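If you want the building blocks of each chain, they are given just below.
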Amino acid sequence: MRRAVCPGSFDPITNGHLDIIGRASKLYDVVHVAVMINQSKKGLFTVDERIQLIRDVTADFGNVEVESFHGLLVDFCKQRDIPAIVKGLRAVSDFDYELQMAQMNNGLSGVETLFVPTNPTYSFLSSSLVKEVATWGGDVAHLLPPTVHEALVKRLGEK
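Residues numbered from 1 in each chain as written. Predicted model: local features only at pLDDT ≥ 70, side-chain atom pairs only at ≥ 80, totals over all residues. Heavy atoms only, no water.

The next point concerns the overall build of the chain. Helix and strand counts for the chain stand at 6 helices and 5 strands. Listed by position from the N terminus, the elements making up the chain come as β-α-β-α-β-α-β-α-β-α-α. In terms of overall size, the chain behaves like a compact globule, its C-alpha atoms giving a radius of gyration of 15 Å where 159 residues would be expected to give roughly 15 Å. Principal axes of the C-alpha set define a box for the chain whose edges measure 45 × 30 × 30 Å. Relative to its 159 residues, the chain shows a buried fraction of 46%. Considering only intrachain contacts with a sequence separation of at least 6, the fraction spanning at least 24 residues in the chain is 76%. Accessible area for the chain stands at about 8,900 Å²; split by element, carbon and sulfur atoms hold 53% of it. (Helix = DSSP H or I, 4+ residues; strand = E, 2+ residues; numbered from the N terminus. Rg over C-alpha atoms; globule rule 2.2 N^0.38 Å. Buried < 20%, exposed > 50% of the residue type's maximum accessible area, 1.4 Å probe, protein only. Contact = heavy atoms within 4.5 Å. Areas by Shrake-Rupley, 256 points an atom, 1.4 Å probe, with all protein chains shown as cover.)

Shown next as structure tokens:
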């Protein structure tokens, strides 16, 4: 079985993330979405909330598994026999950082990294930018799956 992982914080998952996961799901039998746990960062959504949102918006793909991880991504891959990491690249600046990570991950464990160019529609998009714009009342509905947008509006309304 061909397996790959799409890692990230997904706080929240955007249409850009969903595009990369969807494209990976056409190339691999199983795509694991690994939600990073970073205890030094306070997320807008809890890890469990992010996992549920991702499960909701990837359900139609039929071959996506979502779970959290803490530590080295290569350890996550080794534990699940995943030989490939799929990463979306938005710009040259992403490539510089991601190339270093890919080389380190390969050197540590032999795990390969596949870079997928982002759909130009989402080349500027990040979860951080979406949260910032939404916090100040900007319309981000077109950048998020509808259920994620609803959750974001609700969460920001609680603050």
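After that view of the structure, there is still more to cover.
Looking now at unusual backbone geometry. Residue Pro12 is reached from Asp11 by a cis peptide bond, and omega for that bond is 5 degrees. Although it is not a glycine, Phe10 sits at a positive phi angle of roughly 50 degrees. Relative to the helices and strands, Phe10 resides in the loop between β1 (3–8) and α1 (15–27). With a phi angle near 55 degrees, Asp81 is a residue other than glycine that sits in the positive phi range. On the secondary structure map, Asp81 appears in the loop between α3 (73–80) and β4 (84–89). The class of Asp81 is exposed, set by a relative accessible area of 61%.

It is worth spelling out the pattern of salt bridges at this point. Note on pairing: side chains with opposite charge can pair once their charged atoms come close. With the rule as written, the count across this model stands at 10 salt bridges. One salt bridge in this structure joins Lys131 and Asp11, with 3.1 Å as the shortest N-O distance. On the criterion of sequence distance, the pair formed by Lys131 in helix α5 (residues 127–135) and Asp11 in the loop between β1 and α1 is long-range, its members being 120 residues apart. When its relative accessible area of 6% is taken as the criterion, Asp11 is described as buried. Taking the shortest distance from any N to any O, the salt bridge between Glu158 and Arg155 comes out at 3.1 Å. On the criterion of helical spacing, the pair formed by Glu158 and Arg155 is a turn pair, its members being 3 residues apart in helix α6 (residues 146–158). Accessibility expressed as a relative area gives 17% for Arg155, which makes it buried. Several salt bridges converge on common partners, so that one network encompasses Asp11, Arg50 and Lys131. (Salt bridge = Lys/Arg side-chain N within 4 Å of Asp/Glu carboxyl O.)

Close contact between helix α2 (residues 47–58) and α6 brings their axes to 9 Å; oriented N to C, the two are set at 150 degrees. What the angle tells us is that α2 and α6 run roughly antiparallel. Side by side, α2 and α6 meet where Glu49, Leu53 and Val57 of the first sit next to Thr147, Val148, Ala151 and Arg155 of the second. Tallied by class, the residues present in the contact of α2 with α6 amount to 4 nonpolar, 1 polar and 2 charged. (Axes fitted to C-alpha atoms, helices over the stretch in contact; angles between N-to-C directions. Parallel < 35°, antiparallel > 145°, perpendicular 65-115°, else oblique. Nonpolar A, V, L, I, M, F, W, Y, C, P; charged D, E, K, R; others polar.)

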